[in-house]
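This is what each chain is made of:
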Amino acid sequence: MADGRPTIQIAMPATGEAEWQALREPLLSGWLTQGPKVAAFEKAFAERHEADYAIATTSCTTALHLILAALEIGPGDEVILPAFTWVATANVVAYCGAAPVLADVDRTTFNLDPQDVARRITKRTRAVIPVHLFGLCADMHAIAAAAPGLTLIEDAACAAGSSLAGQPAGTLGTAGAFSFHPRKSITTGEGGMVTTNDAELAARIDMLRNHGADVSEEQRHHGPRPHLLPEFNMLGFNYRMTDLQGAVGLVQVEKLDDLIDERQQWADYYCRELADVPWLQTPQCPKGWRHGWQAFVCYVDEASAPMPRNEIMEQLQARGISTRPGTHAVHMLGYYANRLGLAPDDLPAARDCDKYTMAIPLHNRMSTDDFAYVVEQIKEL
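A short tour of the structure in this document, coming up. (Residues numbered from 1 in each chain as written. Predicted model: local features only at pLDDT ≥ 70, side-chain atom pairs only at ≥ 80, totals over all residues. Heavy atoms only, no water.)

1. Details of the pattern of salt bridges
We count it as follows: Salt bridges are defined as contacts in which a side-chain nitrogen from Lys or Arg sits within 4 Å of a carboxyl oxygen from Asp or Glu. Secondary structure follows DSSP: runs of H or I at least 4 residues long count as helices, runs of E at least 2 residues long count as strands, and numbering of each begins at the N terminus.
Enumeration according to the criterion identifies 19 salt bridges in this entry. Across the pair Arg-119 and Asp-116 runs a salt bridge, and its minimum N-O distance is 3.1 Å. Of this pair, Arg-119 and Asp-116 both sit in helix 6 (residues 114–119), separated by three residues, roughly a single helical turn. Taken together, the shared-partner salt bridges connect Arg-48, Asp-257, Asp-261 and Arg-290 into one network.

Structure representation (structure tokens):
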């Protein structure tokens, strides 16, 4: 607390009575694992994102892993991804035995640089994973032009409800993967979702998430022979969402557009009120994009700032305002620096985003006074 004021958290989930009540049905019915609530959530999420298929999972990480596994990406293959992203984007490639190839990003959008993607394509390249970082869709059209013939897999962890030229995230590539972690705009606690318009790929992912079984537990339970076990013809995983999460997700997805509209209102407020802070570059949304505003990530110009980025974050924390770096540069993390033999300067834009980005609070449980206080304290620095 600062001067008696509770700390303004960097993010808080917009959950309440409706989500609490939604848990009653699965708890009372006794159907807690993947079942009818997950199926209803998948249907609602697919409809909102104009996707033919949605497959719920335990996290966005497992959603991405399922997509790569279903595409049979493995040893000898390369997958290009941005160097400025959460480490899970690279990890899923490594899980498959393939080689993650890091490309640089744009310092303004924080998203994958299409020109650098083109420079990193080899005969071994199988796919590109653009990340819709912080809720802003990557320029999928430019990336597709830079990587003709390659499979595009959307890491849409932050991008529920986002779109590009009117087309929702999750339908801009072969498949997309979403996160429902509590820092995202909608949440199921943990949880993820795959979206795709490819029927064969969806069927394969559906089986892979359930140990490789040819039918789900719900199908078997309601079928004519529930006493017989399914057939297993592929090596699968246990990546199933629970019906408790599905029940919460079903309530949350109905709120999605209202939550994003409110975040847009306050993102606009931040951009207006902080425009005269010369050392702080606020995020922008290009014309034709709908930003999901999972986070409000600024870029600190340390040359004109009153102090280094980390000291700014410490000062704001002392004043009751939580901040975070935008995310990290994967090539500067110990495991990947050693594995890939990369130095920080090898991907300079990602390096700078790692050092100079700063997320300030933006979520649906903040008050008007909270937003005004954040602006006031940043200006006082």
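2. Quick look at the packing of helix 4 (residues 60–70) against helix 8 (residues 199–208)
Heads up, the rule is: Helix axes are fitted to C-alpha atoms over the stretch in contact, other axes to C-alpha atoms as well, and angles between N-to-C directions run from 0 to 180 degrees. Note on angle classes: values under 35 degrees are labelled roughly parallel, values over 145 roughly antiparallel, values of 65 to 115 roughly perpendicular, and the remainder oblique. If you view the pair so one helix is near and one far, a crossing is left-handed when the near helix is turned anticlockwise from the far one by less than a right angle, and right-handed when it is turned clockwise. By definition in these notes, contact holds between two residues if any of their heavy atoms fall within 4.5 Å. Here the nonpolar group is Ala, Val, Leu, Ile, Met, Phe, Trp, Tyr, Cys and Pro; Asp, Glu, Lys and Arg are the charged ones; every other residue, Gly included, is treated as polar.
It is the contact of helix 4 with helix 8, at a shortest axis distance of 9 Å, that shows an interaxial angle of 120°. One way to sum up the angle between helix 4 and helix 8 is to call them oblique. Judged by the sense of rotation from one axis to the other, the crossing of helix 4 with helix 8 is right-handed. Residues Leu-66, Ile-67, Ala-69 and Ala-70 of helix 4 lie in contact with helix 8, whose contacting residues are Leu-201, Arg-204, Ile-205 and Leu-208. Looking at the contact of helix 4 with helix 8 residue by residue, the classes come out as seven nonpolar, no polar and one charged.

3. With respect to the sheet that holds strand 6 (residues 163–164)
Using the following cut-off: Between any two strands, at least two bridges found by DSSP are needed for them to pair.
Taken in spatial order, the three strands of this open sheet run 7-6-11, and their pairing is antiparallel. Edge strands, defined here as strands with exactly one partner in the open sheet, are strand 7 (167–168) and strand 11 (289–290). Across two bridges, the pairing between strand 6 and strand 11 is antiparallel. Each residue of the ladder has a partner; that of Ser-163, found in strand 11, is Arg-290.

Interpretation note: all reported values are geometric properties and have no functional meaning in isolation.
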